[in-house]
Amino acid sequence: MTDFRKKKIRLGEALVNGGVITEVQLKKALEMQKGSGRKLGEILVDAGMVTEEKIAEVLAAQLGYENVDLQNISIPQEVLDLVAPAVLKKNQVLPIEYAQDNMNILRLAMADPMDMGAMDDIAIITGCQVEPVVATPRSVMLAIDRFFGQEEVDSALEAYTKERAIEEEEEDAFSEDINNSPIVMLVKDMIEKAARQRASDIHIEPMEKKVRIRYRIDGALYEKARYDVKILPALVARLKIIGGMDISEKRKPQDGRITQVVDRIEYDIRVSVLPTVFGEKIVMRLASKTALNREKSQLGLKPAEMKQFERILKNPHGILLVTGPTGSGKTTTLYTALNELNTEDVNIITVEDPVEANLDGVNQVQTNNKAGLTFASALRSILRQDPDVIMIGEIRDQETAGIAVQASITGHLVVSTLHTNSSASTITRLVDMGVEPYLIADSVVGVIAQRLVRRLCPNCKRLRPATQDEVEILGGRPGDEIQVYEPCGCSQCDNMGYKGRIGVYEIMEMTPTLRHIISKNGMAEDICAQAVKEGMNTLRMSATQYVLSGMTSVHEMMRVSFDG
């Protein structure tokens, strides 16, 4: 019989031999590992040198183990009943089945197939010999959530009900052993599951008899659970405590912030509490510090758009505006631009409300209206700090717009956001704010309007002929035959039909002709027509290209560019 416990390799050497990382990268990672108590694989993934999938692939090949996909797996109930979920989470392992024809050998999916201690633990608990198979840490934790999530929630709620029965008069939120109380576990578990499922928001919604939990994933809301409405007060109390809010105030809206680490990634969570007729509704917005610090290649810009983006950023002074509705990825684009400009010889200062992520080497200022630190007052102070690049979180009023224009004309590069629908309407919005057209023409160097569309799941998208209405929408002529893809849903995309999102851009670079139209107070339609003549792709045109290439669906295209 094979003894699976004897196999041992050095992960660093295996990755170098497999051509996945270089000797230099390994040396750097080993330096970072010294004294940290962390595993080498974690450090390599966090530093962006390698992906979890690549590590699993190399380990499986070098050890001669199978590399399994846990997303499509079904596990017999008798195997699920063998080990408690807490033990599985601690060791990042999941038993998946008994070996063929042998009930004494248990196949165990492992994030670290060389963890002898974890193998021993599972062998002792189950009384079986363990046969390791390899899976990524994220897929192991997601699968544990999928198979045991409801069971853990149910047991937490049961424990909470018993606790309330024993201590009816004592408020749970102030219980001494707060870190182990069932509600605390429930909140922690809810945030962990949302983060692993790539959710951007968690909605906790009181209804007449139930509390509904929904996650926003890739821009769409999905119901994930319903609990008895009796747990709402404790849930709200817990979130108010950790969010730094007033626990006794139940009639006014409140805002707070929470920081939580999930699978080694730090999430900054903004919490909003709003009184409704059935109780307080809570929305938590999850933002990982790493998500905003992206390479420009990850934005989803097409090659021609990338060249335009780079050309605009090369301007030594002027205003670059990024526009779009809430949740369209404007902040990510701005932070990417700042990362691009962030060199030793440049002084970058930002004024934001709130600061969304920390950027090394960038001076970030958070507005505070109570203390009189508004966008406008912060900007005036910033101009005395010898900046080269200024980032304004959002231009909200005439005063801020005026200072931004003056700053750009006096030799600074200003980047900011605005809530408008298209590049051309951004110019007319600035005019409406009271900025003179000739100043706008002189200062604006580029406008990027953007949206996010959901990507079709590559595993289950299905080709079909477009209807005549769709042909027309896609710019075809009557009678044209066009094939489009539609979402279906499979285990890889959690039956959503979509997986991830990609940016759709409309980039308007300023040209002498456009400056002339703007200074003469031209209409948005005239500005747009001239920009298209000079090669600009509108949001509708960019989204159409994604539909025709099979990246997204007609429905998604219509959602983001209805007025295009």
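As a starting point, this report considers the structure included with it.

Calculation notes
Residues numbered from 1 in each chain as written. Predicted model: local features only at pLDDT ≥ 70, side-chain atom pairs only at ≥ 80, totals over all residues. Heavy atoms only, no water. Helix = DSSP H or I, 4+ residues; strand = E, 2+ residues; numbered from the N terminus. Rg over C-alpha atoms; globule rule 2.2 N^0.38 Å. Buried < 20%, exposed > 50% of the residue type's maximum accessible area, 1.4 Å probe, protein only. Contact = heavy atoms within 4.5 Å. Areas by Shrake-Rupley, 256 points an atom, 1.4 Å probe, with all protein chains shown as cover. Lys, Arg positive; Asp, Glu negative; His and termini not counted. Charge placed at Lys NZ, Arg CZ, Asp CG, Glu CD. Pairing = 2+ DSSP bridges. Axes fitted to C-alpha atoms, helices over the stretch in contact; angles between N-to-C directions. Arc of directions from axis to C-beta. Core = buried A, V, L, I, M, F, W, Y, C linked by side-chain atoms within 4.5 Å. Polar contact = N/O pair within 3.5 Å; in protein donor to acceptor, adjacent residues only side chain to side chain. Phe/Tyr/Trp six-rings, centres within 6.5 Å; stacked < 30°, edge-to-face > 60°. Lys NZ or Arg CZ within 6 Å of the ring centre and 35° of its normal.

So, on to the overall build of the protein chain. Summing up its helical and strand segments, the protein chain has 22 helices and 18 strands in all. Compactness check: the protein chain gives a C-alpha radius of gyration of 27 Å against a globular reference of 24 Å for 564 residues, within 12% of the reference. Referenced to the eigenvectors of the C-alpha coordinate spread, the extents of the protein chain come out at roughly 85 × 60 × 55 Å. For the protein chain, the residues scored as buried account for 50% of the 564 residues in total. In the protein chain, 61% of the contacts between residues at least 6 apart in sequence involve partners at least 24 apart. For the protein chain, the accessible surface area stands at approximately 27500 Å², while carbon and sulfur atoms represent 49% of it. Of the side chains in the protein chain, 67 bear a positive and 81 a negative charge, and the two mean positions are spaced by 2 Å.

All right, on to the sheet that holds strand β1 (residues 93–99) then. Hydrogen bonds between backbone atoms are what pair the strands of a sheet, whose relative direction is either parallel or antiparallel. Strand order in the open sheet made by the three strands is β1-β2-β3, with mixed pairing throughout. The open sheet has two edge strands, β1 and β3 (129–134), and neither has a second partner. Within this sheet the neighbouring strands show an average axis-to-axis angle of 35 degrees, counted without direction. Judged from the six bridges that link them, β1 and strand β2 (residues 102–110) form a sheet pairing that is antiparallel.

A separate point is the environment of Lys-210. With respect to the secondary-structure elements, Lys-210 resides in strand β5 (residues 210–217). Counting along the chain gives 18 residues from Lys-210 to Asp-228, while the straight-line C-alpha distance between them is 4.8 Å. Filtering out sequence-adjacent residues up to four positions away, Lys-210 remains in contact with Glu-205, Arg-226, Tyr-227 and Val-229.

The α-helix advances 3.6 residues per turn, and as a result positions three or four apart in sequence lie on the same side. What helix α16 (residues 423–432) keeps buried is the set Ser-423, Ala-424, Thr-426, Ile-427 and Leu-430. When α16 is viewed along its axis, its buried side chains cluster within an angular range of 160 degrees and face the same direction. One or two steps after α16, the chain reaches Gly-434, where phi turns positive at roughly 105 degrees.

Soluble globular proteins tend to bury their nonpolar side chains together. Counting 38 residues, the largest nonpolar core has Ile-392, Ile-427, Leu-430, Val-444, Met-508 and Ile-527 as the members making the most contacts within it. Counting 33 residues, the second largest nonpolar core, distinct from the first, contains Leu-186, Val-187, Ala-234 and Met-284.

The element strand β11 (residues 348–352) is extensively covered by neighbouring structure, given that five of its five residues are classed as buried. Neither face of β11 is open: one carries Ile-348, Thr-350 and Glu-352, the other Ile-349 and Val-351, and all of them are buried. In the sheet, β11 pairs with strand β13 (residues 389–392) via four bridges, with the strands oriented parallel. Paired with Thr-350 across the two strands is Met-391, which belongs to β13. Relative to strand β12 (residues 363–366), β11 runs parallel, the two sharing four bridges. Bridge pairing in β12 links Thr-350 to Gln-364.

Now for the side chain of Asp-218. In this fold, Asp-218 is placed in the loop between β5 and β6 (220–228). Classification of Asp-218 as buried rests on a relative accessible area of 8%. A distance of 2.6 Å separates the side chain of Asp-218 from the side chain of Arg-198, its partner in a polar contact. Within the local environment of Asp-218, its side chain forms a polar contact with the backbone nitrogen of Gly-500, the two atoms lying 2.7 Å apart. Apart from the residues lying within four places of it in its own chain, the contact partners of Asp-218 are Arg-198, Arg-454, Tyr-498, Lys-499, Gly-500 and Arg-501.

Take the packing of aromatic side chains next. How two aromatic rings sit relative to each other is given by the distance of their centres and the angle of their planes. Going through the model one piece at a time under the given rule, you end up with zero aromatic pairs. The ring of Tyr-546 carries the charged tip of Lys-302 above its face, separated from the ring centre by 4.3 Å. Looking at Arg-454, its charged tip hangs above the ring of Tyr-498, at a distance of 4.1 Å from the centre.

In this section: the sheet that holds strand β14 (residues 413–418). Ordered by their spatial adjacency, seven strands build an open sheet running β12-β11-β13-β14-β10-β15-β18, and the pairing between neighbours is mixed. Edge strands, defined here as strands with exactly one partner in the open sheet, are β12 and β18 (498–509). Each neighbouring strand pair of the sheet contributes to a mean axis angle of 20 degrees, computed without reference to strand direction. The sheet contacts of helix α12 (residues 303–313) involve β10 (318–323), β14, β15 (444–456) and β18, and relative to β18 the element is tilted by about 55 degrees. Here helix α15 (residues 398–409) sits on the sheet and contacts β10, β13 and β14; the angle it forms with β10, its principal contact strand, is near 135 degrees.

Keep in mind these values describe shape, not function.
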